[in-house]
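Chain residues, written in single-letter form:
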Amino acid sequence: MLIKRLFLLCSLPSFLAGCSEFYGSQPPAPVYGSGSTVYNKTTPSLRKPKAPKPITSEPKDQDSTEIVKTKPLKEFVPITTPIEELTPEPLTPEQEQQESLAPEQEASLPEQEPATPSPTQEPMISAPKQEPLAPPLPHFEPLETFAPLSPAVSALALAANQDSKSGNIESATTTIERAIRIEPRNATLYYKLALLRLKQSKPRLAEDLAKKAALLASNDTHLKKHSWLLIARAREMQGDLKGGKEARAKANKF
């Protein structure tokens, strides 16, 4: 143990000398806050920007030495082309006679009427073509009398008639549809509903309902005839005049 301590004491000077040599080879650290600098290396200095010249709006001195060069104007060359002389047109004998007349003689002359254009020169104006008017639709009278109905359906039909007369077509249509749900095979109800659809300007739907009424009115020839007349009116409202004639022909068979 004593030997180790002696060895460390003997090797300590050499260790310190090596450390001092290593420390001497390194550059010293810069010192801030003092007037002296450790490094001798000069730092590059930036160039100061040049101040722009002030722009002055003052006019130049009148006694400037600038020379203005001018060019001589071209000589004026007169136009030598000859001007054409205007020759007067020869007068007609009537114009010569009028010029030779005195003012008193001119007043005694009869006034001349302005010339009227010939009828051949007038433009021909064609009259607009009138489209042929559509023939009026034949008279149509809806059926008013029907076979007796059940009390419940009769009450609904009466309420629908009152709504239709007062102009409430939508309410009348709803009431008849309720009656059809009670008696779905009643031809009279389908005929009444077809009339309401015709008033609503729905001829296609009215035609289908009238066909069903004509089909269900097997023994009631009066109702069947008016159903076909309603079909004819619905076809005519759709523009099918030929189909309307055929439906009227069938109605005349009953």
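Below, the structure is looked at part by part. Model, not experiment: these values are computed from the prediction.

### Description of unusual backbone geometry
Most peptide bonds take the trans form, and the phi angle of most residues other than glycine is negative.
(1) Moving on: Backbone geometry at Ser201 places phi at a positive 60°, although glycine is not the residue there.
(2) Moving on: Mapped onto the elements of the fold, Ser201 is located in the loop between helix 6 (187–199) and helix 7 (203–216).
(3) Moving on: For Ser201, a relative accessible area of 56% translates into the label exposed.

### Regarding the nonpolar core
(1) Moving on: Counting 35 residues, the largest nonpolar core has Phe140, Tyr191 and Leu230 as its most contacted members.
(2) Moving on: Listing elements by their share of this core, those giving two or more residues are helix 4 (151–165), helix 5 (169–182), helix 6, helix 7, helix 8 (221–237) and helix 9 (241–251).
(3) Moving on: Ranked by residues supplied to this core, first place goes to helix 6 with 9 residues.
(4) Moving on: Setting aside anything within four residues of it in sequence, one finds Leu230 in contact with Phe140, Tyr191, Ala194, Leu195, Ala206 and Ala210.

### So, the environment of Ala160
(1) Moving on: Inspection of the secondary structure assignment puts Ala160 in helix 4.
(2) Moving on: For Ala160 and Thr174, which are 14 residues apart along the polypeptide, the C-alpha to C-alpha distance reads 8.3 Å.

### A word on the packing of helix 4 against helix 5
(1) Moving on: Interhelical geometry of helix 4 versus helix 5 gives an angle of 165° and a closest axis separation of 8 Å. Classified by the interaxial angle, the pair formed by helix 4 and helix 5 is roughly antiparallel. Of the two elements, helix 4 crosses helix 5, and the hand of that crossing is left-handed. Of helix 5, the residues touching helix 4 (which contributes Val153, Leu156, Ala157, Ala159, Ala160, Asp163 and Ser164) are Ile169, Ser171, Ala172, Thr175, Ile176, Arg178, Ala179 and Ile182.
(2) Moving on: Broken down by class, the residue content of the contact of helix 4 with helix 5 amounts to 10 nonpolar, 3 polar and 2 charged.

### Quick notes on the pattern of salt bridges
(1) Moving on: Applying the stated criterion to the full structure yields 6 salt bridges.
(2) Moving on: Ionic pairing is found between Glu207 and Arg235, a salt bridge with its closest N-O pair at 3.0 Å. Linking Glu207 in helix 7 with Arg235 in helix 8, this pair joins segments that are 28 residues apart in sequence.
(3) Moving on: On the accessibility criterion, Arg235 (15% relative accessible area) is buried.
(4) Moving on: Because the salt bridges share partners, they merge into one network encompassing Arg204, Glu207, Lys211 and Arg235.

### Describing the side chain of Thr188
(1) Moving on: Within the secondary structure, Thr188 sits in helix 6.
(2) Moving on: Classification of Thr188 as buried rests on a relative accessible area of 5%.
(3) Moving on: Those residues in contact with Thr188, other than ones at most four positions away along the chain, are Phe146, Leu149 and Leu223.

The rules behind each value
- Residues numbered from 1 in each chain as written.
- Predicted model: local features only at pLDDT ≥ 70, side-chain atom pairs only at ≥ 80, totals over all residues.
- Heavy atoms only, no water.
- Helix = DSSP H or I, 4+ residues; strand = E, 2+ residues; numbered from the N terminus.
- Buried < 20%, exposed > 50% of the residue type's maximum accessible area, 1.4 Å probe, protein only.
- Core = buried A, V, L, I, M, F, W, Y, C linked by side-chain atoms within 4.5 Å.
- Contact = heavy atoms within 4.5 Å.
- Axes fitted to C-alpha atoms, helices over the stretch in contact; angles between N-to-C directions.
- Parallel < 35°, antiparallel > 145°, perpendicular 65-115°, else oblique.
- Left-handed = near helix turned anticlockwise from the far one by under 90°.
- Nonpolar A, V, L, I, M, F, W, Y, C, P; charged D, E, K, R; others polar.
- Salt bridge = Lys/Arg side-chain N within 4 Å of Asp/Glu carboxyl O.

Everything listed here is a matter of geometry and, on its own, says nothing about what the molecule does.
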